[in-house]
Amino acid sequence: MKQIVLIVFSLFAIFAILWIRSNVISVEYRLSSLEEKKKEMLNERRLLLAEKASLTSFVRINNADGHFLVFPDRRKIVYISGNPESLVKAVSFNKKN
């Protein structure tokens, strides 16, 4: 009886070790696939940031078709303080005919 219990326990231990090992290998496969996906996403992010930088660069905006942007003269800049919505309502356009 003691030998049967010992054999059953040994078989149970062997199967438990094999089951744990197979789960570890499965987790390793999932981790490697996630790391590969992470590499792809980081590469795509890098490419998108480069594209964003090229699309929003000042040189590209300045050389747009027929649109030339220039920096304004500091003397011609008017700063408005207060609530801009109330200022717009206060302005009247009087046309003289």
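Caption draft 1: Representation of the overall build of the protein in the model. In terms of helices and strands, the protein carries three helices and zero strands. Listed N to C, the secondary structure of the protein is α-α-α in terms of helices and strands. Taken across its 97 residues, the protein has 0% of its residues classed as buried. Accessible area of the protein: about 10300 Å², with a carbon and sulfur share of 65%.

Caption draft 2: View of a negative patch on the surface. Together, Glu35, Glu36, Glu40 and Glu44 make up a negatively charged patch on the protein surface. Mapping Glu40 onto the fold places it in helix α1 (residues 2-55).

Criteria and cut-off values
- Residues numbered from 1 in each chain as written.
- Predicted model: local features only at pLDDT ≥ 70, side-chain atom pairs only at ≥ 80, totals over all residues.
- Heavy atoms only, no water.
- Helix = DSSP H or I, 4+ residues; strand = E, 2+ residues; numbered from the N terminus.
- Buried < 20%, exposed > 50% of the residue type's maximum accessible area, 1.4 Å probe, protein only.
- Areas by Shrake-Rupley, 256 points an atom, 1.4 Å probe, with all protein chains shown as cover.
- Patch = residues over 30% accessible without salt bridge, like charges linked within 9 Å, V, L, I, M, F, W, Y side chains within 5 Å.
- Salt bridge = Lys/Arg side-chain N within 4 Å of Asp/Glu carboxyl O.
- Lys, Arg positive; Asp, Glu negative; His and termini not counted.
- Charge placed at Lys NZ, Arg CZ, Asp CG, Glu CD.

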